[in-house]
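The lines below spell out each chain.
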Amino acid sequence: MTDREKAKEPEDLARLWVELANLGDAEGMAALYEPDAVMAFPIGRDHVGRAAIQKAFEGMLAKFSYFPMEESLPTLRLGDIALTSSVPQDNSRGRYQVARRQPDGSWLRVLHSSGYFGEPT
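Now for a description of the structure that goes with this document.

## Some remarks on a nonpolar patch on the surface
Together, Leu-76, Leu-83 and Tyr-96 line one region of the surface with nonpolar side chains, adding up to about 290 Å² of accessible area. Judged by its relative accessible area of 55%, Leu-76 is exposed.

Written out as structure tokens, the structure reads:
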């Protein structure tokens, strides 16, 4: 993420994700994840690694072009690990992410569940 804004706090990841999604930037979205991160989208279908996550986002962006900012729920932290979540706007069952503080102090996602049990509405 050389020219991209980095998450200074785990809560920044959701805002950055929405901004990049609304720009149609699947590569930028994937850059918010550690290289070996795991994302479930939809639940039951895991995408492992940044390249697989980017490919999943490319497919999602081909179908959807607008993503609202969702209300964040309180973040749980334990040292360099944080659990974030939000209230979904799309009839899914919730969204949650685990982020880890990086050596430079920024945050990246390591686990992400989209909450979808099928196609989002």
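## Here's the deal with helix H1 (residues 12–23)
With 12 residues, H1 should reach 16 Å at 1.5 Å per residue; the first-to-last C-alpha distance of 17 Å fits that figure. Along H1, the residues that are buried comprise Asp-12, Leu-13, Leu-16, Trp-17, Val-18, Leu-20 and Ala-21. For H1, the elements touching its buried residues are helix H2 (26–30), strand E1 (33–40), helix H3 (50–63), strand E6 (95–101) and strand E7 (107–113). Count one or two residues on from H1 and you reach Gly-24, which has phi positive near 75°.

## Section: the nonpolar core
The biggest cluster of nonpolar side chains holds 24 residues, and the ones touching the most others in it are Trp-17, Met-29, Tyr-33 and Phe-57. Within the residue set of this core, elements represented by two or more residues are H1, H2, E1 and H3. Each residue touching Trp-17, except ones within four places of it in the same chain, is listed here: Met-29, Leu-32, Tyr-33, Phe-57, Met-60, Phe-67 and Arg-109.

## Overview of the environment of Phe-57
Relative to the assigned elements, Phe-57 resides in helix H3. Judged by relative accessible area, Phe-57 falls into the buried class, the value being 2%. Phe-57 sits 23 residues away from Glu-34 along the chain, and the two C-alpha atoms are 15 Å apart. With near-sequence residues (within four places) excluded, Phe-57 lies in contact with Trp-17, Ala-26, Met-29, Ala-30, Tyr-33 and Met-39.

## Regarding the packing of aromatic side chains
Across all of its chains, the model carries 3 aromatic pairs by this definition. A ring pair is formed by Trp-17 and Phe-57, whose centres lie 5.7 Å apart and whose planes are at 75°; its orientation type is edge-to-face. In this pair, Trp-17 is assigned in helix H1 and Phe-57 in helix H3, connecting sequence segments 40 residues apart. Of the two residues, Trp-17 and Phe-57, both sit in the buried class. When its relative accessible area of 12% is taken as the criterion, Trp-17 is described as buried. Taken together, Trp-17, Tyr-33, Phe-57 and Phe-67 form an aromatic cluster joined through their ring pairs.

## Things to note about the side chain of His-112
Here His-112 lies in strand E7. Setting aside chain neighbours within four positions, we find His-112 in contact with Tyr-33, Val-38, Met-39, Ala-40, Arg-95, Tyr-96 and Gln-97.

## A short note on H3
When the terminal C-alpha atoms of H3 are compared, their 20 Å separation across 14 residues agrees well with the 20 Å that a helix rising 1.5 Å per residue should span. Of all the positions in H3, only Ile-53, Ala-56, Phe-57, Met-60 and Leu-61 are classed as buried. Seen along its axis, H3 keeps its buried residues to an arc of 135°; they face one direction. Exposed residues on H3 whose side chains face more than 90 degrees from its buried face are Ala-51, Lys-55 and Ala-62. Among the structural elements, H1, H2, E1 and strand E2 (46–48) are those in contact with the buried residues of H3.

Thresholds, definitions, all that
- Residues numbered from 1 in each chain as written.
- Predicted model: local features only at pLDDT ≥ 70, side-chain atom pairs only at ≥ 80, totals over all residues.
- Heavy atoms only, no water.
- Patch = residues over 30% accessible without salt bridge, like charges linked within 9 Å, V, L, I, M, F, W, Y side chains within 5 Å.
- Areas by Shrake-Rupley, 256 points an atom, 1.4 Å probe, with all protein chains shown as cover.
- Salt bridge = Lys/Arg side-chain N within 4 Å of Asp/Glu carboxyl O.
- Buried < 20%, exposed > 50% of the residue type's maximum accessible area, 1.4 Å probe, protein only.
- Helix = DSSP H or I, 4+ residues; strand = E, 2+ residues; numbered from the N terminus.
- Expected span 1.5 Å × (residues − 1).
- Contact = heavy atoms within 4.5 Å.
- Core = buried A, V, L, I, M, F, W, Y, C linked by side-chain atoms within 4.5 Å.
- Phe/Tyr/Trp six-rings, centres within 6.5 Å; stacked < 30°, edge-to-face > 60°.
- Arc of directions from axis to C-beta.

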